[in-house]
Amino acid sequence: MKSITSFILCTILWVPSAPAQKKNDAPLFSKQNLVAWCIVPFDKMKRTPGERAEMLKDLGITQLAYDWREEHLPTMEEEIQTLKKNGIKLKSVWFWINGGSSGEILDESNNFILQTLKENGVKTELWVSFNDRVFADVPDTEKLQKAVAAIDLINKKAREIGCSVHLYNHGSWFGEPQNQVRIIQTLGAKDIGMVYNFHHARHQVKDFPKLLNLMKPYLSTVNINGMKTDGPMILTIGLGDSELGMLQQLKDSGYKGTIGVLSHVDDEDAKVVLARNIEGLKKLLKEMGDGGALKTY
């Protein structure tokens, strides 16, 4: 009787846990923990999948988060196969929700991505964010309900092909960390994560310690950027006045996820921009006294 009672008690008290951050024995800001982000549509050189893989190998980056525009989707399968051949991990795929023409959540591009990942046996993350208009005409009291239904649908589609969903802050209502945590907790989902982008969070610099504590159970990637509250959205790492403190807070928190570096500039060579951000990060690591991470560069 005692064992049955204990089982019932444990069942009642069980609460779905957040997705565990990947085990990472290397220093947080080590080179092998970097993910290249925003390098497909943001590249003056308009590299092919093969040229992009060579660029990443030259820079010593072993992970790619795949950003795209409609013109890139026809070569998505080639991109996947090329990354595999070159030993580069497809960390994630941008999963931008415009909303279908008839009110459905997924459009042709979303379904194409899911099908391409399935056909190629790729198990990766879907970084999910929404066009502002998806929630624009929805009363505040109904936004959470609509978001929960949408993420539940996307998560089920992702699970079917062995992928996972990670909520991405891209501004507006859905991009607020508090709302993303509410969505995850309302779903009771233990397999949904979060991605936090410095460049979409300039208004949150002062609140970052509090937000980090809120997000940490779900946080899987942090994409870093130079940070000035009143500065440009995209700024080279090391040229801001706040990112040093934010990186230190991130490290001190015990966060174990990956770190994204961006080439979010339209009219420059992505290789040059990535290299510049890596050099900026190294400069900050010296100021932080993070010799362990610096040894990996």
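Residues numbered from 1 in each chain as written. Predicted model: local features only at pLDDT ≥ 70, side-chain atom pairs only at ≥ 80, totals over all residues. Heavy atoms only, no water.

Check the secondary structure of the chain and you find eleven helices and eight strands. C-alpha atoms of the chain, sized along the principal axes, occupy 60 × 45 × 40 Å. Buried positions account for 53% of the 297 residues belonging to the chain. Taking all contacts inside the chain whose residues are at least 6 apart in sequence as the whole, residues at least 24 apart take part in 77%. Summing over all exposed atoms, the chain offers an accessible surface of approximately 14,100 Å²; the carbon and sulfur share of this is 52%. Positive and negative side-chain charges in the chain, numbering 37 and 36 respectively, have mean positions lying 7 Å apart. (Helix = DSSP H or I, 4+ residues; strand = E, 2+ residues; numbered from the N terminus. Buried < 20%, exposed > 50% of the residue type's maximum accessible area, 1.4 Å probe, protein only. Contact = heavy atoms within 4.5 Å. Areas by Shrake-Rupley, 256 points an atom, 1.4 Å probe, with all protein chains shown as cover. Lys, Arg positive; Asp, Glu negative; His and termini not counted. Charge placed at Lys NZ, Arg CZ, Asp CG, Glu CD.)

With that settled, the discussion passes to the packing of helix H8 (residues 208-215) against helix H9 (residues 243-252). At a closest axis distance of 11 Å, the pairing of H8 and H9 adopts a crossing angle of 35°. When you trace H8 past H9, the crossing you get is right-handed. Of the residues in H9, those touching H8 at Phe208, Pro209 and Leu212 are Met246, Gln249 and Leu250. Among the residues forming the contact of H8 with H9, the class breakdown is five nonpolar, one polar and no charged. (Axes fitted to C-alpha atoms, helices over the stretch in contact; angles between N-to-C directions. Left-handed = near helix turned anticlockwise from the far one by under 90°. Nonpolar A, V, L, I, M, F, W, Y, C, P; charged D, E, K, R; others polar.)

A word on the packing of helix H2 (residues 49-59) against helix H3 (residues 76-85). For the pair H2 and H3, interaxial distance at closest approach is 9 Å and the crossing angle is 35°. Relative to H3, the crossing made by H2 is right-handed. In this structure, H2 uses Pro49, Gly50, Arg52 and Ala53 to contact H3, whose residues at the interface are Glu78, Glu79 and Thr82. When its residues are assigned to classes, the contact of H2 with H3 shows two nonpolar, two polar and three charged.

Among the five residues in strand E5 (residues 164-168), four count as buried, and that is most of the element. Note: strand E4 (residues 125-130) against E5, four bridges, orientation parallel. Looking across to E5, one finds that leucine 126 is bridged to valine 165. Judged from the four bridges that link them, E5 and strand E6 (residues 192-197) form a sheet pairing that is parallel. Note that in E6 the partner of tyrosine 168 across the bridge is valine 195. (Pairing = 2+ DSSP bridges.)

With that settled, the discussion passes to the nonpolar core. Phe29, Leu117, Phe130, Ile151 and Ile154 are the most contacted members of the largest nonpolar core, which has 92 residues in total. Beyond its immediate stretch of four places on either side in the chain, isoleucine 154 contacts Phe95, Ile97, Ile105, Leu106, Val128, Phe130 and Val165. (Core = buried A, V, L, I, M, F, W, Y, C linked by side-chain atoms within 4.5 Å.)

This part covers the side chain of serine 220. Here serine 220 shows up in strand E7 (residues 219-223). In terms of polar contacts, serine 220 uses its side chain to reach the side chain of histidine 166, at 2.8 Å. For serine 220, the contacting residues outside a window of four places in its chain are Lys91, Glu125, His166, Met194, Val195, Tyr255, Gly257 and Thr258. (Polar contact = N/O pair within 3.5 Å; in protein donor to acceptor, adjacent residues only side chain to side chain.)

By rolling a water-sized probe across the atoms, one finds the places where empty space is left. Within the structure shown, the criterion is met by one cavity of 30 Å³ or more. The space that makes up the largest cavity amounts to roughly 30 Å³. Looking at the largest cavity, the residues that line it are Tyr66, Met76, Glu79, Ile80, Leu83 and Leu90. The element best represented in the lining of the largest cavity is H3, accounting for four residues. (1 Å grid on protein atoms, 1.4 Å probe; cavity = no way out; pocket = protein on both sides within 12 Å on 5 of 7 lines; lining within 4 Å. Points joined across faces, edges and corners; volume = space filled by probe spheres on them.)

With that settled, consider helix H4 (residues 108-119). Taking 1.5 Å as the rise per residue, H4 with twelve residues should run 16 Å; its terminal C-alpha atoms sit 16 Å apart, in good agreement. Among all positions of H4, only Ser109, Asn110, Ile113, Leu114, Thr116 and Leu117 are buried. The arc that holds every buried residue of H4, seen down its axis, measures 165°, which confines them to one face. Along H4, the residues that are exposed and aim more than 90 degrees away from the buried face are Glu108, Lys118 and Glu119. Those residues of H4 that are buried are in contact with H3, strand E3 (89-97), E4 and helix H6 (140-160). Sitting at the amino-terminal end of H4 is aspartate 107, which places a side-chain oxygen 3.1 Å from the backbone nitrogen of serine 109. Positive phi appears at glycine 121, one or two residues downstream of H4, with a value of about 60°. (Expected span 1.5 Å × (residues − 1). Arc of directions from axis to C-beta.)

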